[in-house]
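# Reading the structure
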Protein chains: 2
Amino acid sequence: MIKKFVFGNPINTQAVVEDFEELDYSKLPEIFSFSEDYSEFKMELDPEDIIYGLGESLHGMNKRGFIYVSNNTDQVHHDENQYSLYGSHNFILIDRFEGFKLGLFVDYPAKTKWDLGFTDKDIMSVSVEEPDYKLYIVEGETALDIIKEFRRIIGKSYKAPLWGFGYGQSRWGYKCTEDVRKIVREHKRLNLPIDSVYMDIDYMQDYAVFTINDERYPEFADFVKEMEEEKIHLVPAIDPAVKRLPGYYVYDEGVEGNYFCKDESGNDFPVAVWPGLSHLPDFFKPETKKWFGDKYRFFTDLGIDGFWNDMNEPAIFYSSNSIKKTADYLATMKDKTENLTLGELWDYLDAASGLANNEEDYKSFYHEIDGKKVRHDRVHNLYALNMMQGVYENFKEIAPGKEILFFARSSYIGSHRYGGIWTGDNSSYYSHIQLILSQLPNLNMCGFLYVGADTGGFAFNTSEPLLMRFMQISLFTPLFRNHCALGTRDQEIYQFKDIDSFRGMLNLRYALIPELYKIYTDSIENNKMMFTPLALAYPGDKKCRQVGDQLMLGDDYMIAPVTEANATGRYVYVPENMKCYIMKSHDKYRTVDLPKGHHYINIAINEVAIFVKEGKVLNLCEPGLRTE
Amino acid sequence: MIKKFVFGNPINTQAVVEDFEELDYSKLPEIFSFSEDYSEFKMELDPEDIIYGLGESLHGMNKRGFIYVSNNTDQVHHDENQYSLYGSHNFILIDRFEGFKLGLFVDYPAKTKWDLGFTDKDIMSVSVEEPDYKLYIVEGETALDIIKEFRRIIGKSYKAPLWGFGYGQSRWGYKCTEDVRKIVREHKRLNLPIDSVYMDIDYMQDYAVFTINDERYPEFADFVKEMEEEKIHLVPAIDPAVKRLPGYYVYDEGVEGNYFCKDESGNDFPVAVWPGLSHLPDFFKPETKKWFGDKYRFFTDLGIDGFWNDMNEPAIFYSSNSIKKTADYLATMKDKTENLTLGELWDYLDAASGLANNEEDYKSFYHEIDGKKVRHDRVHNLYALNMMQGVYENFKEIAPGKEILFFARSSYIGSHRYGGIWTGDNSSYYSHIQLILSQLPNLNMCGFLYVGADTGGFAFNTSEPLLMRFMQISLFTPLFRNHCALGTRDQEIYQFKDIDSFRGMLNLRYALIPELYKIYTDSIENNKMMFTPLALAYPGDKKCRQVGDQLMLGDDYMIAPVTEANATGRYVYVPENMKCYIMKSHDKYRTVDLPKGHHYINIAINEVAIFVKEGKVLNLCEPGLRTE
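Residues numbered from 1 in each chain as written. Chains lettered and ligands numbered in written order. Predicted model: local features only at pLDDT ≥ 70, side-chain atom pairs only at ≥ 80, totals over all residues. Heavy atoms only, no water.

Before going further, it helps to examine the interface of chain B and chain A. Taken residue by residue, the interface counts 61 residues in chain B and 61 residues in chain A. Note on chain B versus chain A: buried area summed over both sides is about 5400 Å², and carbon and sulfur give 58% of it. Together, B:E80, B:Q546 and B:Y571 form the three largest contributors to the area buried by chain B at its contact with chain A, with a combined 12%. Between A:D328 and B:K334 there is a salt bridge; the shortest N-O distance is 3.8 Å. At the junction of chain B with chain A, the criterion picks out 24 residue pairs in polar contact (both at pLDDT 80 or more). Mapped by element, the contributors of at least two residues to the side of chain B that touches chain A are α7 (320–332), α8 (342–351), α12 (464–474), β31 (569–574) and β34 (597–602) of chain B. (Contact = heavy atoms within 4.5 Å. Buried area = accessible area lost by both parts, 1.4 Å probe. Salt bridge = Lys/Arg side-chain N within 4 Å of Asp/Glu carboxyl O. Polar contact = N/O pair within 3.5 Å; in protein donor to acceptor, adjacent residues only side chain to side chain. Helix = DSSP H or I, 4+ residues; strand = E, 2+ residues; numbered from the N terminus.)

In this section: the side chain of B:H59. Within the fold, B:H59 resides in the loop between β4 (50–53) and β5 (67–70). Among all residues touching B:H59, those that are not within four sequence positions of it are B:F66, B:Y68, B:E80, B:Q82, B:L435 and B:S438.

Residue and element names in this part refer to chain B. Pairing in this open sheet of five strands is antiparallel, and the strands run β1-β11-β8-β7-β4 from one edge to the other. Looking along the sheet, the strands with just one partner apiece sit at the ends: β1 (2–7) and β4. Averaged over all adjacent pairs, the angle separating strand axes in this sheet is 20 degrees, with direction ignored. One ladder, built from five bridges, connects strand β7 (residues 91–95) with strand β8 (residues 101–107); its direction is antiparallel. The residue of β8 that forms the bridge with I92 is L104. Lying on the sheet, helix α1 (residues 143–153) is in contact with β1, β7, β8 and β11 (133–138); it crosses β7 at an angle near 165 degrees. Running at roughly 70 degrees to β4, helix α11 (residues 431–445) makes contact with β4 and β7 of the sheet. (Pairing = 2+ DSSP bridges. Axes fitted to C-alpha atoms, helices over the stretch in contact; angles between N-to-C directions.)

We now examine the relation of the copies chain B and chain A. It takes a turn of 180 degrees to lay chain B on chain A, together with a shift of 0.0 Å along the axis; the resulting RMSD is 0.0 Å. Within this description, the copies of the chain are treated as partners about a two-fold rotation axis. Nearest to the rotation axis, the C-alpha of B:A331 is located 2.0 Å from it, this being the minimum over chain B. Interface overlap between copies is the fraction of interface residues in one copy that are interface residues in the other; for chain B against chain A it reaches 100%, indicating a shared surface. (Least-squares fit on C-alpha atoms with pLDDT ≥ 70 in both.)

Another aspect to go through is the environment of B:F66. Within the secondary structure, B:F66 sits in the loop between β4 and β5. Relative accessible area serves as the criterion here: at 10%, B:F66 is assigned to the buried category. (Buried < 20%, exposed > 50% of the residue type's maximum accessible area, 1.4 Å probe, protein only.)

Applying the stated criterion to the full structure yields six cavities of 30 Å³ or more. By volume, the largest cavity is sized at about 100 Å³. Residue composition of the lining of the largest cavity, by class: two nonpolar, two polar and five charged. (1 Å grid on protein atoms, 1.4 Å probe; cavity = no way out; pocket = protein on both sides within 12 Å on 5 of 7 lines; lining within 4 Å. Points joined across faces, edges and corners; volume = space filled by probe spheres on them. Nonpolar A, V, L, I, M, F, W, Y, C, P; charged D, E, K, R; others polar.)

Turning next to the environment of B:Y136. All names here are of chain B. Secondary-structure assignment places Y136 in strand β11. The sequence separation of Y136 and L28 amounts to 108 residues, and the corresponding C-alpha distance is 10 Å. Not counting chain neighbours up to four residues away, the residues in contact with Y136 comprise I2, K3, K4, V16, F20, G103, L104, F105, D107 and I153.

All right, on to the packing of aromatic side chains then. The tally for this structure, following the rule as stated, stands at 122 aromatic pairs over all chains. Relative to B:F292, the ring of B:F210 has its centre 5.1 Å away and its plane inclined at 65 degrees; by these criteria the two rings are edge-to-face. In this pair, B:F210 is assigned in the loop between β13 (196–199) and α3 (220–229) and B:F292 in helix α5 (residues 286–295), connecting sequence segments 82 residues apart. Of the two residues examined, B:F210 and B:F292, each falls in the buried class. Over the aromatic face of A:W308 sits the side chain of A:R481, whose NZ or CZ is 4.3 Å from the ring centroid. The ring of B:F118 has A:R489 sitting right over it, with the charged end atom 5.1 Å from the ring centre. (Phe/Tyr/Trp six-rings, centres within 6.5 Å; stacked < 30°, edge-to-face > 60°. Lys NZ or Arg CZ within 6 Å of the ring centre and 35° of its normal.)

Written out as structure tokens, the structure is:
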């Protein structure tokens with residue numbers, strides 16, 4: 001059962017695809033107490049209530065005890081003090097043991113604050129900046145019913161092609177075709193499966209979108225063919241911002257078509273990102289969507305069939321306004337630094353570093369929505385969705401009949417219909433292996449099924465054991481991509497010593513792909529979770545409510561990765577009799593039958609454990625070097 | 001057995017108090033391979049070797065798999081990507097199961113890099129900036145023998161007074177006497193034990209050391225008496241830097257006595273810290289030590305008997321040189337910001353925020369050591385030690401017969417003879433509860449016994465359950481202080497709802513104090529560990545080698561705190577038959593007898609578990625509101 005309430009004059013976010021009758025406020029659940037203007041509501045929590053949801057947000061599987069702010073942010077620090085990451089996924093599920101269960105979707109495209117028992121451990125408080133939103137209350141017999149019901153109303157999730165389940169190698173910093181060729185060569189030499197190589201911003205000419213640097217990637221069309229012959233998919237990054245450069249075709253078209261976001265006076269608003277000063281396409285206009293979507297022909301015409309949209313929060317390094325203001329201030333301070341007060345000092349030290357992704361900039365440009373001028377911050381969390389939707393819906397025009405791999409960094413519920421997401425710029429931290437585990441089920445319930453994290457960690461240097469443990473969770477996720485940042489340690493598998501063990505993990509992945517893809521498509525078709533918290537899969541088993549580091553995979557399997565440095569084993573709660581496969585590769589493993597209960601399992605650095613329900617079979621195929 | 005090797009011309013750090021014959025290089029262990037100039041040595045690691053040590057450094061109890069750099073740093077971010085914290089504790093212990101064991105002390109006061117199987121998972125590599133160091137190889141039958149031997153040669157650890165085991169309330173931001181009175185009043189009203197209130201930099205006049213702000217702390221002598229009558233110890237923070245202000249007595253004395261660090265030309269080197277432009281006392285000169293130590297009379301004459309030395313890495317916000325250079329650069333860029341290259345942009349954004357604690361500054365001033373001019377960076381890690389030593393040794397002059405509570409933020413091995421340390425500016429993170437657990441035994445083996453972490457977390461906002469779980473580890477540590485940063489959420493116990501549970505934890509602490517103090521003094525007298533990793537306490541039990549989140553406390557007890565959000569239980573490995581006390585307070589608990597093996601224990605948010613060996617007794621006294 002779904003109840004819809006409308007407050008104020010909400011923007012149509014497109015998150016919900018079904019129509020519902022709007023209910024009278026008298027039908028609002030009595031457990032909620034609303035502020036007078038309806039911009040905030042609170043609910044008392046039972047000490048044992050678990051709160052799931054909020055998609056890719058930080059902290060554990062149970063979101064309780066922290067504050068979250070839905071505010072799409074280019075945030076490289078995924079630390080415990082952060083409130084916002086790249087996506088806004090405003091669905092939560094409150095689950096009381098053998099009792100009350102409730103789904104809640106706050107359909108609101110600006111900042112939404114979730115205080116889930118942080119300020120007061122017994123109170124959940126949800127608030128929006130302005131009381132213009134839709135509230136959906138989702139009820140059901142079980143938590144999984146609620147999720148299914150919610151998934152139904154937000155529409156069917158994007159389906160990736162099978163090859164999108166292959167292993168992908170990526171890095172910010174592959175400078176030239178030779179860098180790409182080397183990856184393919186080394187994987188071939190060492191018999192390591194791989195399906196795709198990702199091209200980060202480095203392939204572009206001066207970071208201008210829909211260009212190729214001809215010196216570093218000469219004869220690009222031939223190069224794509226060459227890779228095709230190797231059965232390697234090249235997957236370029238596409239950023240939204242368009243370099244401000246008269247004569248550059250994309251810029252010229254953007255100006256001519258009036259496709260860019262405007263400042264208050266109606267001029268194209270200049271922001272700086274990778275290409276330097278640029279303009280952001282106004283994806284809220286249908287004609288911009290169509291135009292930008294058509295630009296992908298630049299690649300699809302060459303046979304390229306995979307894309308990742310980066311920087312689409314949109315990330316902004318600075319605007320012309322903000323850097324001018326800051327530069328003036330910093331210059332004024334030149335002769336005053338000798339004796340600053342502490343307040344002045346902090347301002348001075350932080351002035352420049354605070355330029356990126358700042359509030360002021362997001363309040364300084366405008367979209368045109370149904371002919372009306374709307375300030376960006378009011379619809380900030382929809383920017384990525386509109387970009388994805390435009391591009392996705394245009395694929396059938398520019399690449400008819402072709403299945404395209406498509407995912408993005410930033411998103412809102414609704415984006416899941418058009419593509420997948422990766423969980424953004426994580427770090428080479430053991431704690432970020434654990435983080436993926438928490439994100440998977442919470443993303444699934446928000447509709448995102450094609451998901452994965454930067455394997456090995458994006459920021460900072462990885463180590464061989466860290467990469468190995470990262471792979472042992474990623475080998476179960478639809479997107480399985482090794483990706484890292486410029487200036488960090490080389491992170492391709494072949495940079496390390498124990499190639500046999502890495503090959504074992506990749507072979508296991510490839511042996512699992514048919515089964516994983518089956519679970520994935522079943523999850524899409526039937527609005528199911530691919531990864532389910534144990535407490536939802538076994539609602540009658542109270543012990544499952546304490547399990548935050550294991551997941552059910554599909555209907556028959558359970559995973560329990562090792563996420564700690566130097567650990568060669570871990571505790572596992574087995575919720576029913578299972579056979580545990582402790583695997584070095586698809587064909588090298590030992591098994592142990594585990595009765596329902598607590599167990600300590602030895603899992604060496606080169607091993608991964610898969611638990612299979614009694615009477616079920618672990619379906620593996622013979623792995624190849626490519627998905628096909 | 002201890003072997004000493006000397007390379008180059010090392011500085012006498014005072015870390016080792018015994019004399020040893022210097023051995024010929026031919027006696028160097030064959031497992032080490034040295035670089036030609038001896039600035040680096042490597043050793044192959046067995047896959048199962050555990051490496052302990054490095055004092056307060058980051059990561060788990062087993063330090064393997066990461067890089068560490070001993071380089072005393074004011075580092076508020078205790079994240080997985082950091083190499084250096086506040087102290088340099090250059091002792092490690094390599095422990096192979098039923099095999100090879102080795103202690104290693106690199107006595108070197110500048111940057112020392114420990115690559116413990118990071119770059120190559122099988123190789124440990126240790127390197128110093130210049131090959132002027134002493135290397136001590138400590139051998140022994142067991143790991144604990146090695147530790148005892150090492151502890152013997154570095155001299156007996158500082159012994160804190162009993163009241164230093166009482167609960168202390170602290171915050172950066174108590175502005176006035178009323179703030180302090182309120183703490184005492186609220187603790188009294190709610191029957192919450194407390195022994196001390198810490199005064200952070202706010203008590204000073206313009207942050208000038210050895211002054212009191214008379215407006216906010218009027219009639220300070222009377223106020224100290226008033227607190228004395230309440231049996232509350234006031235513990236002021238003392239920073240090394242002296243405000244550059246002619247007419248301010250400490251500054252004038254410093255100039256007159258020639259006590260400050262010099263720039264290259266011999267002028268007093270100006271650095272900015274809290275008081276604005278200041279000078280750093282040159283604690284390497286005996287006369288500076290004596291002078292600065294004597295200044296503590298300002299407090300001891302009033303009856304104050306506790307101090308914490310903060311900022312003694314020394315932390316530097318900027319130097320006159322560095323800020324001038326930066327301000328010039330930023331001003332020059334004023335009209336160039338319109339079209340920066342990416343490289344220029346990063347430089348511009350980071351210029352100001354990179355001013356603090358920077359290399360250039362540390363290379364720009366000098367100490368006088370035995371009449372010789374020595375550049376600061378060559379002896380950086382000894383600054384805090386020399387400050388502590390000077391102050392500590394002078395206590396007998398200015399407060400004869402009095403036991404003084406004394407601890408610092410920064411340290412080097414050797415500091416442990418003069419005071420304790422706290423683990424610096426941690427955060428209100430669950431992962432930082434786990435961090436304390438790893439730091440405790442590794443600090444103990446380096447001589448530091450009076451230790452503790454900022455309970456509740458220093459940076460960012462705490463929550464009630466987080467503070468509760470933080471307390472449940474801190475209630476076992478000698479230093480038990482609730483401390484947090486300016487601008488963060490109020491963190492005193494009485495700010496929260498479940499006072500009964502907090503009172504239960506404080507009562508349990510006070511009931512444990514006699515026993516904890518006994519274990520503590522026994523550890524001092526007999527060079528023992530207060531907190532021991534299970535693998536060292538049970539060297540024959542291989543299962544213990546995977547236990548990174550439990551500790552033996554003294555000879556008879558084990559602790560296993562809950563460190564995860566929303567957890568109401570945890571797995572525990574019990575290495576021999578034990579009775580587990582699951583305690584809400586000293587007089588409200590349940591017990592369960594646990595046979596040797598793995599167990600899952602329910603431990604609610606207001607409970608803490610103490611495990612007692614079979615045949616041993618949990619010694620509790622009747623708790624009071626003060627230690628006396």
